[in-house]
Amino acid sequence: MKYQAIKLVRRPVGDITSDIFERVELETPALKDGEFLVRQTHMSLDPAMRTWLQDNEDSYIEPVRPGDIMRAYGIGDVVESRNPAYPEGARVVGVTGWAEYTLGGEDMQVVDRSVDIGALMSVLYVPGLTAYVGLIKVGRPVSGETMVVTGAAGSVGSLVGQMGKAEGLRVIGVAGSEEKCRWLEEELGFDKALNYKDPDLGEQLAAATPDGIDLYFENTGGPIQKLAFDRMNRLGRMVVCGNIAEYNNDVPTPGPSWVDINLKALRVEGFVITDHYDKAEESTLAMMGYLQKGQIKFRSHVLTGLDSAIEGVQLLFSGQNQGKLYVEL
Ligand SMILES: NC(=O)c1ccc[n+]([C@@H]2O[C@H](COP(=O)([O-])OP(=O)(O)OC[C@H]3O[C@@H](n4cnc5c(N)ncnc54)[C@H](OP(=O)(O)O)[C@@H]3O)[C@@H](O)[C@H]2O)c1
């Protein structure tokens, strides 16, 4: 059977542009024992895609190389199988690619068909695992603390902020538009939301954190990073989840001095979810709990058709996505 896929032709310089990809038509393979074929139905678009395109062999994951099908996380249906663990008709999530069909891998998880796709994509799968591991395992929040989360209106940030509220934190969100800030305060119950594009961001951050910051959840980098670093309390934690403001730059902005990390006994800790797949079940249960108690709301930004990924991935970098960005195939 013929199917459409999108390959990387060359690495981007700066922004991702449509000319770095090409559409190709491929033929589904004949299956060997142990293999199964997945028809992808929903494909996640993630800021990490920009880092996968870098020629960086030291990263947590192999780079996508020119000639490869672009990597993605996705949801799909098993349409043919020679593996009893993944029977025909099962719904799976896992690493797919920018393609209508993909050979399934043993790292794919079978998921219950009754789970709503929007909730699966926007809360239970990658964003939920990221928020859960980052906030609960790495950040270790304590009720009464003040947390600042950047990328707060995005898929990970909006979950982290709401989970923080559920765990008894005072939560300040940082986002890039008035609409997003209103959504955070009025719909999601953040204590305060700041627009990082405002010229007096430093003053606004100081006013919003009169008792300093105990927990900083970093999704973006950019100018807010130093401002937040300077307001960290002794024994504070800085959870480094992502740095989207840096992904298109060849040379990253220098980080803060280690002096305050030492004198304030700060813990600055990065993490990537590929090291935490063993916590997927625990995370799903926890996220379902927040959902069922009405402690988490989400919004999804859904594009249509495989080709929409080429231009669509840029929405993440211009801030035009409203909630979890994914493609329905
Ligand atoms: N560690 C992990 O394993 C892991 C897993 C998943 C995601 N992440 C990271 O988590 C972060 C959020 O990912 P997501 O999937 O939830 O994406 P998202 O927040 O839904 O979308 C990205 C958002 O980043 C903001 N942004 C873009 N350029 C920016 C800039 N220069 N400065 C400040 N903000 C900027 C935009 O919102 P505004 O309108 O507010 O600017 C945009 O909507 C990313 O850095 C990602 O790489 C890490």
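Fair warning: this is a prediction, and the values are worked out from it, not measured in the lab.

Caption draft 1: Focus on the domain arrangement of the protein chain. Assigned domains of the protein chain: these are domain 1 (2-114 + 299-328) and domain 2 (126-275). In this structure, domain 1 and domain 2 have C-alpha centres spaced 29 Å apart. Counting residues at the interface gives 17 residues for domain 1 and 13 residues for domain 2. Between domain 1 and domain 2 lies a buried interface of about 1400 Å² when both sides are counted; carbon and sulfur atoms form 58% of it.

Caption draft 2: Up close: the UniProt feature "domain: Enoyl reductase (ER)" (unreviewed entry) in the protein chain. As annotated in UniProt, the feature "domain: Enoyl reductase (ER)" (unreviewed entry) corresponds to residues 14-327 in the numbering used here. The annotated region residues 14-327 carries 29% helix and 25% strand content, and the separation between its end C-alpha atoms amounts to 23 Å.

Caption draft 3: Quick peek at helix α9 (residues 280-292). With 13 residues, α9 extends 18 Å between its outermost C-alpha atoms, agreeing within 8% with the 18 Å of an ideal straight helix rising 1.5 Å per residue. Contacts made by the buried residues of α9 are with β7 (109-111), α2 (117-124), α3 (126-139) and α4 (155-166). Directly after α9, the chain includes Gly294, whose backbone phi takes a positive value near 70°.

Caption draft 4: Spatial organisation of the site of the ligand. Around the ligand, a shell composed of 24 residues is seen, among which Gly176, Lys180, Tyr196, Asn219 and Asn321 lie nearest. Contacts to the ligand include Tyr196, whose side-chain N or O atom sits 2.5 Å from an oxygen atom. At 2.9 Å, a backbone N or O of Cys241 approaches a nitrogen atom of the ligand. The residue makeup of the shell around the ligand includes at least three contributed by each of domain 1 (2-114 + 299-328) and domain 2 (126-275).

Caption draft 5: Focus on the nonpolar core. One finds Phe21, Leu45, Trp98, Met163, Leu184 and Met287 to be the most contacted residues of the largest nonpolar core, which totals 67 residues. Of the residues forming this core, the biggest block, seven residues, is contributed by α3. If near-sequence neighbours (up to four positions away) are discounted, Met287 is found in contact with Val123, Leu124, Gly128, Tyr132, Leu159, Met163 and Ile296. Residues Ala208, Ala228, Met238 and Leu266 belong to the second largest nonpolar core, which totals 15 residues.

Caption draft 6: How the structure looks around the packing of aromatic side chains. With the rule as written, the count across this model stands at five aromatic pairs. Geometrically, the ring pair formed by Phe21 and Trp98 is tilted, given 4.8 Å between the ring centres and 35° between the ring planes. Separated by 77 residues along the polypeptide, Phe21 in strand β2 (residues 21-27) and Trp98 in the loop between β5 (91-95) and β6 (101-103) bring together distant segments of the chain. For the pair formed by Phe21 and Trp98, the shared burial category is buried. The structure contains a cluster of three or more aromatic residues connected by ring pairs, namely Trp52, Tyr73 and Tyr125. Taking the ring centre of Trp52 as reference, the NZ or CZ of Arg71 above it sits at 5.1 Å. Stacked on the ring of Trp183, the Lys or Arg Arg299 has its end atom at 3.9 Å from the ring centre.

Criteria and thresholds
- Residues numbered from 1 in each chain as written.
- Predicted model: local features only at pLDDT ≥ 70, side-chain atom pairs only at ≥ 80, totals over all residues.
- Heavy atoms only, no water.
- Domains from an automatic or database assignment.
- Contact = heavy atoms within 4.5 Å.
- Buried area = accessible area lost by both parts, 1.4 Å probe.
- UniProt positions renumbered as here; feature names shortened; annotations may be inferred.
- Helix = DSSP H or I, 4+ residues; strand = E, 2+ residues; numbered from the N terminus.
- Expected span 1.5 Å × (residues − 1).
- Near = heavy atom within 4 Å.
- Polar contact = N/O pair within 3.5 Å; in protein donor to acceptor, adjacent residues only side chain to side chain.
- Core = buried A, V, L, I, M, F, W, Y, C linked by side-chain atoms within 4.5 Å.
- Buried < 20%, exposed > 50% of the residue type's maximum accessible area, 1.4 Å probe, protein only.
- Phe/Tyr/Trp six-rings, centres within 6.5 Å; stacked < 30°, edge-to-face > 60°.
- Lys NZ or Arg CZ within 6 Å of the ring centre and 35° of its normal.

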